[in-house]
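Observations on the model geometry
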Amino acid sequence: MTPASDTSGPEDGDGLDDPPCCKVQRTASRFDSMELLSELSTKRRAGDSFRKIAAYFNQNIVARALEDADVEQNRSLHAALTGDEIAEDVYEVLRHDSTSDIKRAEVRARLSDAGVDVSTLESAFVSHVTTRSHLQNCVEVTPDESLPPFDQITNTTQGARSRAVNVIQSTIDRGVENGHLQTGDLEVDVSVQMRCTDCGDTFYLPELLDQRRCSCTTSHSHET
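Report follows, based on the coordinates. No experiment lies behind these values; they were computed from the predicted model shown.

All told, the structure shown has seven salt bridges when counted by the stated rule. Across the pair arginine 104 and aspartate 101 runs a salt bridge, and its minimum N-O distance is 3.6 Å. Here arginine 104 and its partner aspartate 101 are both found in helix α6 (residues 101–113), three residues apart, which amounts to about one turn of the helix. Salt-bridge contacts for arginine 108 lead to glutamate 122; the nearest nitrogen and oxygen are separated by 3.0 Å. Highlighted residues: arginine 108 in helix α6 and glutamate 122 in helix α7 (residues 118–124), separated in sequence by 14 residues. Judged by its relative accessible area of 27%, arginine 108 falls in the partly exposed class. When salt bridges that share partners are traced, they join Asp32, Arg64 and Asp68 into one network.

This next bit is on the side chain of serine 33. Relative to the helices and strands, serine 33 is located in the loop between α1 (23–30) and α2 (35–45). By relative accessible area, which is 2% here, serine 33 ends up buried. Not counting chain neighbours up to four residues away, the residues in contact with serine 33 comprise Ala28, Ile61 and Arg64.

The biggest cluster of nonpolar side chains holds 31 residues, and the ones touching the most others in it are Phe57, Val62, Leu66, Leu111 and Leu121. Counting residues per element, this core draws most heavily on helix α3 (residues 50–68), at seven residues. When near neighbours in sequence (up to four residues on either side) are disregarded, valine 62 contacts Ala87, Val90, Tyr91, Leu121 and Phe125. Grouped together as the second largest cluster of nonpolar side chains are five residues, Cys196, Phe203, Cys214 and Cys216 included.

Our focus in this paragraph is the packing of aromatic side chains. Tallied over the full model, the rule gives one aromatic pair. A ring pair is formed by tyrosine 91 and phenylalanine 125, whose centres lie 5.1 Å apart and whose planes are at 85°; its orientation type is edge-to-face. Taken together, the residues tyrosine 91 in helix α5 (residues 86–95) and phenylalanine 125 in the loop between α7 and α8 (128–138) connect sequence positions 34 residues apart. For the residue pair tyrosine 91 and phenylalanine 125, the accessibility class agrees, reading buried in each case. Sitting over the ring of tyrosine 56, lysine 43 keeps its end group 4.2 Å from the ring centre. Geometry around phenylalanine 50 places arginine 44 over its ring, the cationic atom sitting 4.0 Å from the centre.

Turning our attention to α8. For α8, the full list of buried residues reads His128, Val129, Thr130, Thr131, Ser133, His134 and Leu135. The opening residue of α8 is serine 127, an N-cap whose side-chain oxygen sits 3.3 Å from the backbone nitrogen of valine 129. Note on α8: the residue one or two positions beyond its end, glutamate 140, has a positive phi of about 55°.

Checked against the element boundaries, glycine 47 lands in the loop between α2 and α3. The spacing of glycine 47 and threonine 142 is 95 residues in sequence and 8.6 Å in space, taken between C-alpha atoms.

Quick notes on the rules
Residues numbered from 1 in each chain as written. Predicted model: local features only at pLDDT ≥ 70, side-chain atom pairs only at ≥ 80, totals over all residues. Heavy atoms only, no water. Salt bridge = Lys/Arg side-chain N within 4 Å of Asp/Glu carboxyl O. Helix = DSSP H or I, 4+ residues; strand = E, 2+ residues; numbered from the N terminus. Buried < 20%, exposed > 50% of the residue type's maximum accessible area, 1.4 Å probe, protein only. Contact = heavy atoms within 4.5 Å. Core = buried A, V, L, I, M, F, W, Y, C linked by side-chain atoms within 4.5 Å. Phe/Tyr/Trp six-rings, centres within 6.5 Å; stacked < 30°, edge-to-face > 60°. Lys NZ or Arg CZ within 6 Å of the ring centre and 35° of its normal. Polar contact = N/O pair within 3.5 Å; in protein donor to acceptor, adjacent residues only side chain to side chain.

Structure representation (structure tokens):
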């Protein structure tokens, strides 16, 4: 697949007189998929996360690249994948660190044999941070006001942690009372920890709720 030349001038931005606002629009223009931009806005208004929207965008870019190269008829590539949705499968293999190097190399080789410029395709993928910048800064899309406010997010997550503590505590207490555990009184504490798969920052739940951001807010700013 040989996409159109990279866009930088006003004539190639969005079909109007304005230059592309960011990588999201440049990529959509480059792969002749400008209709995706309105779909991203619709998904954000419906409350989809930036990560989910970015994955949707990238999978559609993969689908367009495969369509341009007529890869749907390539049985060699199908044989290297496991799922029924070829574009989603290709994106999962190319994007995720959990994919083995051998598997990724095999899929990349078969894509290249089918006429797909794999390096260009991979470099076109956008992060959820870039997607957020496009939706918030370029087109100023906000979720529907009926979506849960941040206080509800805090209450729901903290409530889930408290319920987990209560369930574990009562179960352990019964174990001690019934003699299955030979200990004194035990006090349960559950610490929820999470890690951003993009920048590697780790947080305990209270830290994340307090900071509300990770290093991605600065480390990926060059993509926008």
